[in-house]
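Close look at the chain arrangement
So the chains spell out like this:
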Amino acid sequence: MVEVQPIHFAEGTAIAVTVRLPKTTLLAVTTDRGYIMCGALDVALLNERLASREIIAGRAVGVKTIEELLDAPLESVTTTAEKLGIQAGTIGREAIVKML
């Protein structure tokens, strides 16, 4: 099952996506500029093989809901996210606000 829902911030609206798969759930919150995602996100791949795309993204591990993803510190972020002021340890919600 796939769930899509808007999440409203003073700065704008992000979109939360939950994909329920067998034995796992993929979680992402996206804006027009970037996204945060659960532990399934491969930040190293984005930084190394897809560096030319300059993807703004962050990864939080151990999260099971969109709310947990928004409240969790990001475990890793892309190089382009760092240029935007998003660092490892930034709370997901704060990262999304910087992406809006």
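The structure this text deals with has already been given above.
Conventions and cut-offs
- Residues numbered from 1 in each chain as written.
- Predicted model: local features only at pLDDT ≥ 70, side-chain atom pairs only at ≥ 80, totals over all residues.
- Heavy atoms only, no water.
- Helix = DSSP H or I, 4+ residues; strand = E, 2+ residues; numbered from the N terminus.
- Rg over C-alpha atoms; globule rule 2.2 N^0.38 Å.
- Buried < 20%, exposed > 50% of the residue type's maximum accessible area, 1.4 Å probe, protein only.
- Contact = heavy atoms within 4.5 Å.
- Pairing = 2+ DSSP bridges.
- Axes fitted to C-alpha atoms, helices over the stretch in contact; angles between N-to-C directions.
- Salt bridge = Lys/Arg side-chain N within 4 Å of Asp/Glu carboxyl O.
- Core = buried A, V, L, I, M, F, W, Y, C linked by side-chain atoms within 4.5 Å.

Another aspect to go through is the overall build of the protein chain. When its secondary structure is counted, the protein chain shows 4 helices and 6 strands. Going from the N terminus to the C terminus, the protein chain shows its helices and strands as β-β-β-β-α-β-α-β-α-α. The C-alpha atoms of the protein chain give 12 Å as radius of gyration, which agrees with the globular expectation for 100 residues (13 Å, within 12%). Seen through its C-alpha atoms, the protein chain measures out along the principal axes to roughly 35 × 30 × 20 Å. Within the protein chain, buried positions represent 38% of all 100 residues. If you take every contact in the protein chain between residues at least 6 apart in sequence, the share linking residues at least 24 apart comes to 35%.

Here we come to the sheet that holds strand E1 (residues 2-9). Taken in spatial order, the 6 strands make up an open sheet running E1-E2-E3-E4-E5-E6, and their pairing is mixed. Edge strands, defined here as strands with exactly one partner in the open sheet, are E1 and strand E6 (76-77). Each of E1, strand E2 (12-21), strand E3 (24-30), strand E4 (34-37) and strand E5 (56-59) touches helix H4 (residues 92-99); the most contacted strand, E4, lies at about 170° to it.

The next subject is the pattern of salt bridges. Across all of its chains, the model carries 4 salt bridges by this definition. Arg-93 is the salt-bridge partner of Asp-71, the closest N and O atoms lying 2.8 Å from each other. Of this pair, Asp-71 sits in helix H2 (residues 66-71) while Arg-93 sits in helix H4, and the two are 22 residues apart along the sequence. Owing to a relative accessible area of 43%, Asp-71 belongs among the partly exposed residues under this scheme. Residue class for Arg-93 comes out partly exposed when judged on its relative accessible area of 28%. Each of Glu-67, Asp-71 and Arg-93 takes part in one network of salt bridges that share partners.

Okay, the nonpolar core next. Grouped together as the largest cluster of nonpolar side chains are 29 residues, with contacts concentrated most on Val-29, Ile-36, Leu-70, Ile-86 and Ile-96. Listing elements by their share of this core, those giving two or more residues are E1, E2, E3, E4, helix H1 (43-48), E5, H2 and H4. In this structure Ile-36 touches Leu-27, Ala-28, Val-29, Gly-58, Leu-69, Leu-70, Leu-74, Gly-92, Ala-95, Ile-96 and Met-99, once residues within four positions along its chain are discounted.

In this sheet, E2 lies alongside E1 in antiparallel orientation, the contact comprising 8 bridges. Paired with Ile-7 across the two strands is Ala-14, which belongs to E2. Taking the residues between adjacent antiparallel strands as the criterion, E1 and E2 are bridged by 2 residues. With 7 bridges joining them, E2 and E3 adopt antiparallel strand pairing. Bridge pairing in E3 links Ile-15 to Thr-30. The hairpin turn running from E2 into E3, its antiparallel successor, is 2 residues long, and Lys-23 in that turn takes a positive phi close to 65°.

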